[in-house]
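Residue-level structure breakdown
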Amino acid sequence: MKNLENQTISLAAIYQSCLIIQEIAWHGKFNKDNLEILINGIFITSPSSIYDVYKNIKELTSGLNLLKHQFTGNNKNHEINKYFDSLLKLSNGLEKNEKITQDIQHELIDLKDIFDNKEITIDDKSTKISTLYTNTLSKIEPRIIISGDNKYLKDPMVASKIRTSLFVGLRSIFLWKEYGGSKIKNFFFKSRIVREIDRLLAI
């Protein structure tokens, strides 16, 4: 079922963004490719396929593996689930705020022109997306609380990567909803989603 594939891929993208947040908040490091694929996806606003948004599914392997663990593992990562729920609440808040939605849409148009420059680094991208997050999404209550090691959380570059990961995670939440995803479907179709994860990992 195509919708199941779309929902699973967008779910993996959400979980990958949450994983990046956790890794950088506690350890000060992250996988650059894991974030890059998510950043690239925020500019694809009218995709004809999920593969227009996430062009190389292999770069969502971390998210797919984490998603499978959360669905089947005995020791679930509760912090990851907390971030997922927080992003879901943020999406609900954004849906009620037309001004912030429009501000984000306008800013993304400007950022796309800047990001098309191949010389721009992921640090530069994160700084700009972080500023966008601060000026828009951070104004929506309740604000997302990040757990981690203070020596990393106080680092401005770490903070910018966390805000960037929240932003791209939110993009994936909307994509997941657009393809019919919901928490109740995750519960009832868990085994089918796990089989779809296995299929995608084998590609």
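As shown above, the structure is provided for reference.
Attention in this report is confined to the structure presented alongside it. (Residues numbered from 1 in each chain as written. Predicted model: local features only at pLDDT ≥ 70, side-chain atom pairs only at ≥ 80, totals over all residues. Heavy atoms only, no water.)

**Comments concerning the overall build of the chain**
What counts, and what does not: We count a stretch as a helix when DSSP gives it H or I for four or more residues in a row; a strand needs E for two or more, and each element gets its number in order from the N terminus. All radius of gyration figures rest on C-alpha atoms, and the globule criterion is 2.2 Å times the number of residues raised to 0.38. Type-normalised accessible area, obtained with a 1.4 Å probe on protein chains alone, sets the label of each residue: buried when under 20%, exposed when over 50%, and partly exposed for intermediate values. A contact between two residues is defined here by any heavy atoms of the two lying within 4.5 Å. We get accessible surface area from the Shrake-Rupley algorithm with a probe of 1.4 Å; when it comes to residues, only the shown protein chains can shield them. His is not counted here, nor are the chain ends, while Lys and Arg score as positive and Asp and Glu score as negative. Every charge is mapped to an atom, namely NZ of Lys, CZ of Arg, CG of Asp or CD of Glu.
Assigned secondary structure in the chain consists of 11 helices and 0 strands. In sequence order, the chain lays out its α and β elements as α-α-α-α-α-α-α-α-α-α-α. The C-alpha atoms of the chain give 16 Å as radius of gyration, which agrees with the globular expectation for 203 residues (17 Å, within 12%). Structurally, the chain occupies a C-alpha span of about 40 × 40 × 35 Å along its principal axes. Buried positions account for 48% of the 203 residues belonging to the chain. Restricting to contacts in the chain with at least 6 residues of sequence separation, those with at least 24 account for 80%. Counting every atom, the chain has about 10400 Å² of accessible surface; 51% of that belongs to carbon and sulfur. Positive and negative side-chain charges in the chain, numbering 29 and 24 respectively, have mean positions lying 6 Å apart.

**What about the packing of aromatic side chains?**
Our working definition: A pair of aromatic rings is counted whenever rings of Phe, Tyr or Trp (Trp by its six-membered ring) have centres within 6.5 Å, and the orientation is called stacked for planes under 30 degrees apart, edge-to-face for over 60 and tilted otherwise.
Per the stated rule, a full pass over the model turns up 4 aromatic pairs. Ring plane angle 25 degrees and centroid distance 5.4 Å describe the contact between Y15 and F84, whose orientation is recorded as stacked. In this pair, Y15 sits in helix α1 (residues 2-27) while F84 sits in helix α5 (residues 78-95), placing the two residues 69 residues apart along the sequence. A relative accessible area of 4% places Y15 in the buried class. With a centroid separation of 5.5 Å and 70 degrees between ring planes, the pair formed by F84 and W176 is classed as edge-to-face.

**A short note on the packing of helix α2 (residues 32-41) against helix α9 (residues 156-178)**
The line we're drawing: For helices, the fitted axis covers only the stretch in contact; all axes are lines through C-alpha atoms, and the angles between them, taken along N-to-C directions, range from 0 to 180 degrees. When describing relative orientation, an angle under 35 degrees is termed roughly parallel and one over 145 degrees roughly antiparallel, while 65 to 115 degrees is termed roughly perpendicular and anything else oblique. With the far helix as reference, a near helix turned anticlockwise by less than a right angle produces a left-handed crossing, and one turned clockwise produces a right-handed crossing.
Axis separation between α2 and α9 bottoms out at 9 Å; the angle between their running directions is 55 degrees. Between α2 and α9, the angle falls in the class oblique. In terms of crossing hand, the pair formed by α2 and α9 is left-handed. For the pair formed by α2 and α9, the contact residues are L35, L38, I39 and G41 on the first element and K161, T164, S165, V168 and R171 on the second.

**Quick look at helix α4 (residues 61-72)**
Basically, it comes down to this: Helices are assigned an expected span. That span is 1.5 Å times one less than the residue count.
The terminal C-alpha atoms of α4 lie 16 Å apart, and with 12 residues this matches the ideal 16 Å at 1.5 Å per residue to within 8%. Close packing links the buried residues of α4 with α1, α5, α10 (183-188) and α11 (190-202).

**Considerations on the nonpolar core**
Keep this limit in mind: Among buried residues, the Ala, Val, Leu, Ile, Met, Phe, Trp, Tyr and Cys ones that are joined through side-chain atoms within 4.5 Å form a nonpolar core.
Y54, L137 and F167 are the most contacted members of the largest nonpolar core, which has 62 residues in total. At 13 residues, α1 tops the list of elements feeding residues into this core. If we ignore the near neighbours within four places in the chain, the residues touching F167 are I42, I104, L108, I129, L132, Y133 and L137.

**Things to note about the pattern of salt bridges**
How we decide: A pairing counts as a salt bridge when a side-chain nitrogen of Lys or Arg comes within 4 Å of a carboxyl oxygen of Asp or Glu.
Scanning the model with the defined rule gives 9 salt bridges in all. Ionic pairing is found between E95 and K177, a salt bridge with its closest N-O pair at 3.4 Å. Here E95, found in helix α5, pairs with K177, found in helix α9; they are 82 residues apart in sequence, far enough to count as distant. A relative accessible area of 24% places K177 in the partly exposed class. Two residues, D103 and K99, come together in a salt bridge whose shortest N-O distance is 2.8 Å. Of this pair, D103 and K99 both sit in helix α6 (residues 98-115), 4 residues apart, which is roughly one turn of the helix. What makes D103 partly exposed here is its relative accessible area of 28%. Because the salt bridges share partners, they merge into one network encompassing E5, E196 and R199.

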